[in-house]
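Examination of the molecular architecture
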Amino acid sequence: MNHALAVFSPNAVLNRSAVRALIAVQILIVILLWFFSPFVLLPKPGEVLSAFSELWEQGLGAELITSFYLNIQAIALSTIVTLLLAYATVMPFFRPIVALLSKLRFLSLVGLTFFFTLMAKSGHELKLSLLVFSVSVFFVTGMADVINGIPKEMFDLARTLRMGEWRVVWEVIVLGQIDKVFDVLRQNAAMGWMMLTMVEGIVRSEGGVGTVLLDQNHHFRLAAVFAIQLTILLLGLFQDYAIGLSKNMLCPYAALTLERK
Amino acid sequence: MASENYSFGNTLLKIDNVSVDYDGRPVLSGVTAEVKDIIVPGRIQGQVVGILGPSGCGKTTLFRVIAGLHAPTSGRVSVDGFDRPVRAGEVGVVAQSYPLFEHRTVLGNLMLGATRKEKDSRAAREKVMAYLKEFELEDKYNLYPAQLSGGQRQRCAIIQQILCSEHFLLMDEPFSGLDLIMLERTCELISKVSNMDDLNTIIVVTHDVTAACSVADHLWLMGHEPGPDGVTPPGSRIVKQYNLIDRDLCWKPGIITTAPFNNFVREVKEEFRRL
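Residues numbered from 1 in each chain as written. Chains lettered and ligands numbered in written order. Predicted model: local features only at pLDDT ≥ 70, side-chain atom pairs only at ≥ 80, totals over all residues. Heavy atoms only, no water.

In this section: the overall build of chain A. Regarding its fold elements, chain A presents 12 helices and 0 strands. Helices (α) and strands (β) of chain A occur, in sequence order from the N terminus, as α-α-α-α-α-α-α-α-α-α-α-α. Across its three principal axes, chain A shows a C-alpha extent of roughly 65 × 65 × 30 Å. Looking at chain A as shown, the accessible area adds up to about 15400 Å², and 70% of this sits on carbon and sulfur atoms. The positive charge centre, built from 19 side chains, and the negative charge centre, built from 17, are 8 Å apart in chain A. (Helix = DSSP H or I, 4+ residues; strand = E, 2+ residues; numbered from the N terminus. Areas by Shrake-Rupley, 256 points an atom, 1.4 Å probe, with all protein chains shown as cover. Lys, Arg positive; Asp, Glu negative; His and termini not counted. Charge placed at Lys NZ, Arg CZ, Asp CG, Glu CD.)

Structure representation (structure tokens):
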């Protein structure tokens, strides 16, 4: 009874097994709602499952590999580009450049396709450059905020330990914020999947799960659309878990002060 | 009259006519003071100076100038008899929140301080472990700062700075928000650190008059005071200095319960209110 009340109490902290039980119950409710939904347009689980096996036979696995490979490449590249740019903001010369790049997140991808097509040598390169650009402008904004949010006393601490300014950058900004890099990366990697389907819709030459999704959407095959969406969701969750696990392993100190771990 | 036989040696820290303006607004105007080596025959005696002043009088600005973290608009601070302005790192700084690098363990944090002076990492580690033992933290070396209690964190921050600066330590509001027991412990800690070496000099910036009087051998009172013409200058300066040794009010256990000590605290508080 107390546990049941606790889940509705503000700022209540549940133990690990209670959290697991809560998630299991909520998933069960969603599944039951799905099974017994009166909404006729919502495909039933059985229909989604058979649509999935049909898509799998038609080569969904290969399309997923294409998309996953493209996404991993884009995340890796955008991480390198973003971190270099964000860390470069320690030098005043780079601050206006990064501020300008951050503003470019308001631009539409569709409007940029022509510009990137002129520069890219292949469909894959075009998709990759579109993805890297669209993820990086958000990633760099997040990282610039992380760096701007470092308290002055941390810089002072490093200086009172007789560190030169480059060593201050290494200790306070690079090592000191590495756990936050994982947090920002996590959000942007998720955004990468959202952009990926859009990019694969713009450049269809190489296929990919986005292309399949658009095709199924075009023919109004809702069960197949659901199957693809769920597959993307599961892949995204796996990716998210892997990033979170890496953070916990490399930065065990990061969660020590948190109430909700 | 002091019952202790003592004399002054060399000047260890000199604040020479320091002024600081922020956007043309004077915060400090002509702050001048010095800390001299106190020599007491037959024992190791460090120096503890308390800087007192009302909120907003520029204590933190003076703190940053003494630490070499902020260049004054004019004047200079020098340490150890050097004929040049103090550099960051020459004076250890323990900020109010006891900042430590959260991504490093206690040992990692202290090694950062120790290896600045001691290039041989084995010797630096031995020095760190000796300090950890001295400050009852030897079993905490592998913990992260977030796993330490407030008192442990304070001691860790002090060791880190002492390891790097060797003799000078600036502490910003070390008594803020402490209960009676922790306050006593902090005073004991300050005395312990100052008496580890004759040249050890601790400057405590605070607005806690009683705690400052109980731990310091000299007090500097900061604030705005009208000049002879009756006009109050815009920036703060050190308006009064007290020598507690001459008043026979320091280095004595249990001094804080005596009437002369309490009279002195009252006197300082009266002065404090006037500023």
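Here the focus is the pattern of salt bridges. One pass over the full model with this rule turns up 18 salt bridges over all chains. Put simply, Glu 165 of chain A and Arg 159 of chain A hold a salt bridge, and the shortest N to O gap is 2.9 Å. Judged by its relative accessible area of 46%, Glu 165 of chain A is partly exposed. One salt bridge connects Arg 247 of chain B with Glu 267 of chain B, and the closest N-O pair in it is separated by 3.1 Å. Separated by 20 residues along the polypeptide, Arg 247 of chain B in the loop between strand E9 (237-243) and helix H7 (259-274) and Glu 267 of chain B in helix H7 bring together distant segments of the chain. Taking relative accessible area as the criterion, Arg 247 of chain B reaches 37% and is therefore assigned partly exposed. Judged by its relative accessible area of 32%, Glu 267 of chain B falls in the partly exposed class. Connected through salt bridges with shared partners, the residues Arg 167 and Glu 171 of chain A together with Arg 104 of chain B form a single ionic network. (Salt bridge = Lys/Arg side-chain N within 4 Å of Asp/Glu carboxyl O. Buried < 20%, exposed > 50% of the residue type's maximum accessible area, 1.4 Å probe, protein only.)

Residues Leu 219 and Val 268 of chain B are the most contacted members of the largest nonpolar core, which totals 56 residues. In this structure Val 268 of chain B touches Leu 52, Val 209, Cys 213, Leu 219, Leu 221 and Tyr 242 of chain B, once residues within four positions along its chain are discounted. Ranked by size, the runner-up nonpolar core spans 35 residues in total, among them Ala 51, Leu 126, Val 135 and Ile 228 of chain A. (Core = buried A, V, L, I, M, F, W, Y, C linked by side-chain atoms within 4.5 Å. Contact = heavy atoms within 4.5 Å.)

Attention shifts here to the packing of aromatic side chains. All names here are of chain A. Under the defined criterion, the tally for this structure stands at 12 aromatic pairs over all chains. Between Phe 35 and Phe 36 the ring centres are 6.4 Å apart and the planes differ by 45 degrees, which places this aromatic pair in the tilted class. Consider the rings of Phe 116 and Phe 133, whose centres lie 5.5 Å apart with planes at 55 degrees: the pair is tilted. Of the two residues, Phe 116 is situated in helix H6 (residues 109-119) and Phe 133 in helix H7 (residues 123-148); the sequence distance between them amounts to 17 residues. Taking relative accessible area as the criterion, Phe 116 reaches 8% and is therefore assigned buried. Taking the relative accessible area as the measure of exposure, Phe 133 reaches 18% and is therefore buried. One aromatic cluster is present, formed by Phe 115, Phe 116 and Phe 133 through successive ring pairs. (Phe/Tyr/Trp six-rings, centres within 6.5 Å; stacked < 30°, edge-to-face > 60°.)

Residues and elements named next belong to chain B. Look at Asp 23: it is not a glycine, yet its phi comes out positive at around 50 degrees. One can find Asp 23 in the loop between strand E1 (7-22) and strand E2 (25-39). The class for Asp 23 is exposed, based on a relative accessible area of 86%.

What follows deals with the interface of chain A and chain B. Reports of interface size often rely on the accessible area that becomes lost once the parts have come together. Each partner contributes residues to the interface: chain A has 20 residues there, and chain B has 24 residues. Regarding the contact of chain A and chain B, the summed buried area is about 2000 Å², with carbon and sulfur atoms giving 63% of it. When residues of chain A are sorted by the area they lose upon contact with chain B, Thr 160, Leu 161 and Arg 162 of chain A head the list and together hold 34% of the total. Scanning the region where chain A abuts chain B turns up 2 salt bridges. Here Asp 156 of chain A makes a salt bridge to Arg 64 of chain B, at a shortest N to O gap of 2.4 Å. Summed over the shared surface of chain A and chain B, the result is 8 residue pairs in polar contact (both at pLDDT 80 or more). In terms of residue class, the side of chain A that touches chain B is made up of 10 nonpolar, 3 polar and 7 charged. (Buried area = accessible area lost by both parts, 1.4 Å probe. Polar contact = N/O pair within 3.5 Å; in protein donor to acceptor, adjacent residues only side chain to side chain. Nonpolar A, V, L, I, M, F, W, Y, C, P; charged D, E, K, R; others polar.)

Another point: the side chain of Asn 200 of chain B. Residue position: Asn 200 of chain B is located in the loop between helix H5 (180-194) and strand E7 (201-206). Not counting residues within four places of it along the chain, the set of residues in contact with Asn 200 of chain B comprises Gly 46, Gln 47, Glu 166, His 167, Val 193 and Ser 194 of chain B.

All names here are of chain A. Contact geometry of helix H11 (residues 209-218) with helix H12 (residues 222-250) gives a least axis separation of 9 Å together with a crossing angle of 155 degrees. The angle between the axes of H11 and H12 places the two elements in the roughly antiparallel class. Judged by the sense of rotation from one axis to the other, the crossing of H11 with H12 is left-handed. Across the interface between the two elements, Val 209, Val 212, Leu 213, Gln 216 and Asn 217 from H11 touch Ala 224, Val 225, Ile 228, Gln 229 and Ile 232 from H12. Among the residues making up the contact of H11 with H12, the classes are represented as 7 nonpolar, 3 polar and no charged. (Axes fitted to C-alpha atoms, helices over the stretch in contact; angles between N-to-C directions. Parallel < 35°, antiparallel > 145°, perpendicular 65-115°, else oblique. Left-handed = near helix turned anticlockwise from the far one by under 90°.)

A few words on the sheet that holds strand E3 (residues 47-52) of chain B. Residues and elements named next belong to chain B. Taking strand neighbours across the sheet as the criterion, the 6 strands line up as E5-E6-E7-E3-E8-E9 in an open arrangement whose pairing is mixed. Taken across any chain shown, the strands that pair with only one partner, and hence form the sheet edges, are strand E5 (92-94) and E9. Each strand of the sheet is rotated relative to its neighbour by a mean of 20 degrees, with strand direction disregarded. (Pairing = 2+ DSSP bridges.)

With that settled, consider the confidence of the model for chain A. Scored by pLDDT, chain A comes out at a mean of 89, with 98% of its residues at no less than 70. Ranking the elements of chain A by mean pLDDT puts helix H1 (residues 2-6) of chain A last with 71 and helix H9 (residues 165-175) of chain A first with 96. (pLDDT = per-residue confidence, 0-100.)

Bringing the side chain of Gln 45 of chain B into the picture now. Residue and element names in this part refer to chain B. By the secondary structure assignment, Gln 45 is in the loop between E2 and E3. The exposure class of Gln 45 is buried, given its relative accessible area of 4%. Of the polar contacts made by the side chain of Gln 45, one reaches the side chain of Arg 43; its length is 2.9 Å. A distance of 3.0 Å separates the side chain of Gln 45 from the side chain of Asn 195, its partner in a polar contact.

The next thing to look at is the pairing of E1 of chain B. Residue and element names in this part refer to chain B. Here 10 bridges tie E1 to E2, and the two strands are oriented antiparallel to one another. Within E2, the position partnered with Val 20 by the bridge is Leu 28. What sits between E1 and E2 in their antiparallel hairpin is a turn of 2 residues, with Asp 23 showing a positive phi close to 50 degrees.

The next thing to look at is the environment of Thr 186 of chain B. Residues and elements named next belong to chain B. Turning to its location among the elements, Thr 186 is positioned in helix H5. In this structure Thr 186 comes out as buried when scored by relative accessible area, which is 1%. Taking the C-alpha atoms as reference points, Thr 186 and Arg 43, separated by 143 residues in sequence, lie 22 Å from one another. Residues within four places of Thr 186 in sequence aside, it is in contact with Gln 154, Pro 174, Phe 175 and Leu 178.

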